[in-house]
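Now for the letters of each chain:
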Amino acid sequence: MDKRPIGIFDSGLGGLTALSALRELMPEENIVYFADTARNPYGTRTPEQLRRMAKENLAFLAGFGVKAVIAACGTMSTNALDVLHGSEIPVINVLEPSVSAMAGSEGDAPLAVIATEASIRSGGYTRALEKACPGREVIALACQEFVWLCENGHTAPDDPAVIEAVARCLAPLKREKPSALLLGCTHFGLIAEAIRNELGARVELVSASECASRACKTLLEANGLTGGSGREALYTSGSLQDFEQKAEHFLHRPVKAHYGSAGE
Ligand code: DGL
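Residues numbered from 1 in each chain as written. Predicted model: local features only at pLDDT ≥ 70, side-chain atom pairs only at ≥ 80, totals over all residues. Heavy atoms only, no water.

Help me understand the overall build of the protein chain, please; the structure alone is not making it clear to me.
Check the secondary structure of the protein chain and you find 12 helices and 10 strands. Here the C-alpha radius of gyration of the protein chain, 17 Å, is about what a compact globule of 264 residues would show, namely 18 Å. With the C-alpha coordinates of the protein chain rotated into their principal frame, the extents come out at 45 × 40 × 35 Å. A total of 264 residues make up the protein chain; the buried ones form 54% of that total. Expressed as a percentage of contacts within the protein chain between residues at least 6 apart in sequence, the contacts between residues at least 24 apart total 75%. Taking the average place of the 25 positive charges on the side chains of the protein chain and the average place of its 32 negative ones, the gap between the two points comes to 2 Å. (Helix = DSSP H or I, 4+ residues; strand = E, 2+ residues; numbered from the N terminus. Rg over C-alpha atoms; globule rule 2.2 N^0.38 Å. Buried < 20%, exposed > 50% of the residue type's maximum accessible area, 1.4 Å probe, protein only. Contact = heavy atoms within 4.5 Å. Lys, Arg positive; Asp, Glu negative; His and termini not counted. Charge placed at Lys NZ, Arg CZ, Asp CG, Glu CD.)

Put into C-alpha cells, the structure is as follows:
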C-alpha cells in the first residue's frame, strides 16, 4: 500500500483526459494535477524550451512527494523523452504506450497520427510508429489549432468552430482512409467526438491519454505501488476561475483549483 499521489502534468486542460481515464481505472489513487496554463501552448515551443520545462514540471510535482508521474503531453513526450526517461521518479509518457496500441491495428491501410506542431516537427511519433509497424504507411499531421479551440472552451461536437476546424484540418488525412488515428496530443481527446463524427466509425481512434493511464496502472501494480484514498489536488499556473470552470465542464463535477507555478 503506497498512498503517495500520482502526478499528472500538461500545458492546460488536455491532461484532464488522462486524469479522467486514470480515475476510471484507479479510483482509489491520490492525484496531483498540474495545468501549466500560463505557458500554454507548448506545441509552438522549441525542443530546448520543452526540455527545460519538462524538468521544471517534474521538479514541481516532486515537491508533492509523488510516487509516479504521467507526462500527459505529446509535445513533451516527443521533444523531451530523454528527460522523462532520466527522472528518478518513474515517469509514464504518452508516446510509447500509444504507439504500442497502434501496432495492434490490423490490415494494411495507413496509420495516422495528429498532434501539435512541435510533436510532428520532432518526428518522434512517425519514427516510433514506423518502427513498431514495419511496412505500414504513416501519416502525421499537425493540428495545433485544436489546442487553442480546447483552451478557449470550444469542445462541444456541435460547436460550429469545432466542426469547421476539424473538417478543414483533417481533410488531407480523411482522403487517405487510415485504419487508425492516434490522438497524439492529449487535448484532442476533448474533441474526440467531433473527430469521430468527421472521420466515421471505421477509423479507430486511439487516445494517447488512455494508453498512458493504462501503462501507469500496469507500472504501479507491477511494483506494489498502488493505494490511496481517491483524493485530488489540481494546480494551474493560469487563472483559477477559468481553469475551474473549463475543468468542471469536461469532468462533469465541481473542481477546486490552486495556483502553482513550475517556472518563470
Ligand atoms: N496537450 C499537450 C500535448 O499533448 C500540449 C498542447 C499544447 O500546449 O500545444 O501535446
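When you look at the sheet that holds strand β7 (residues 180-183) in this model, what are you seeing that I'm missing?
What links the strands of a sheet is backbone hydrogen bonding, and the strands pair in either a parallel or an antiparallel sense. One open sheet accounts for four strands, arranged β6-β5-β7-β8; its pairing is parallel. Looking at which strands have only one partner, the edges of the open sheet turn out to be β6 (138-142) and β8 (204-207). Taken over all neighbouring pairs, the strand axes of this sheet differ in orientation by 20 degrees on average, direction set aside. Of the strand pairs in this sheet, β7 and β8 are connected by four bridges, and their pairing is parallel. Each bridged residue has a counterpart across the sheet, and for Leu182 the counterpart in β8 is Val206. Together, β7 and β8 form the strand contacts of helix α11 (residues 208-222), whose direction differs from that of β8 by roughly 50 degrees. (Pairing = 2+ DSSP bridges. Axes fitted to C-alpha atoms, helices over the stretch in contact; angles between N-to-C directions.)

Please explain the sheet that holds strand β10 (residues 257-259) as it appears in this structure.
With parallel pairing, the six strands of this open sheet are ordered in space as β4-β3-β1-β2-β9-β10. Each having just a single partner strand, β4 (91-93) and β10 make up the two edges of the open sheet. Each strand of the sheet is rotated relative to its neighbour by a mean of 20 degrees, with strand direction disregarded. Alignment of strand β1 (residues 6-10) against strand β2 (residues 31-35), held across five bridges, turns out to be parallel. Across the sheet, the residue bridging to Phe9 is Phe34, located in β2. Contacts from helix α1 (residues 16-25) reach β1, β2, β3 (68-71) and β9 (232-236) within the one sheet, and its direction differs from that of β2 by about 165 degrees. Sheet strands in contact with helix α12 (residues 240-251) are β2, β9 and β10, and its direction is about 155 degrees off that of β10.

Where do I start with the site of the ligand in this structure?
By nearness alone, 15 residues border the ligand, and Ser11, Tyr42, Gly74, Thr75 and His187 come closest of all. Measuring from an oxygen atom of the ligand, one finds a backbone N or O atom of Gly43 at 2.8 Å. Between the ligand and Gly74, the relevant distance is 2.7 Å, taken from an oxygen atom to a main-chain nitrogen or oxygen of the residue. Protein chains shield 100% of the accessible area of the ligand, which is 300 Å² for the free molecule. (Near = heavy atom within 4 Å. Polar contact = N/O pair within 3.5 Å; in protein donor to acceptor, adjacent residues only side chain to side chain. Areas by Shrake-Rupley, 256 points an atom, 1.4 Å probe, with all protein chains shown as cover.)

What am I meant to see in the packing of aromatic side chains here?
Within a pair of aromatic rings, the relevant descriptors are the distance that separates the centres and the angle that separates the planes. All chains considered together, the criterion is met by six aromatic pairs. Judged by centre distance (4.9 Å) and plane angle (50 degrees), the rings of Phe64 and Tyr235 are tilted. In this pair, Phe64 sits in the loop between α2 (47-62) and β3 while Tyr235 sits in strand β9, placing the two residues 171 residues apart along the sequence. Given the relative accessible area of 16%, Tyr235 is considered buried. Summarising the aromatic geometry, the rings of Phe146 and Phe188 are spaced 5.2 Å apart at their centres and angled 75 degrees between planes, so their arrangement reads as edge-to-face. Taken together, the residues span a long stretch of sequence, with Phe146 in helix α8 (residues 145-151) and Phe188 in the loop between β7 and α10 (192-199) at a distance of 42 residues. With respect to class, Phe146 is no different from Phe188; both count as buried. Here the aromatic residues Phe34, Phe60, Phe64 and Tyr235 are joined through ring pairs into a cluster of three or more. (Phe/Tyr/Trp six-rings, centres within 6.5 Å; stacked < 30°, edge-to-face > 60°.)

Looking at this model, I keep getting lost on the environment of Ala112. Mind explaining?
Along the chain, Ala112 falls in strand β5 (residues 111-115). The spacing of Ala112 and Leu220 is 108 residues in sequence and 30 Å in space, taken between C-alpha atoms. Beyond its immediate sequence surroundings of up to four residues, Ala112 is in contact with Met102, Ile139, Leu173, Pro178, Ala180, Leu181 and Leu182.

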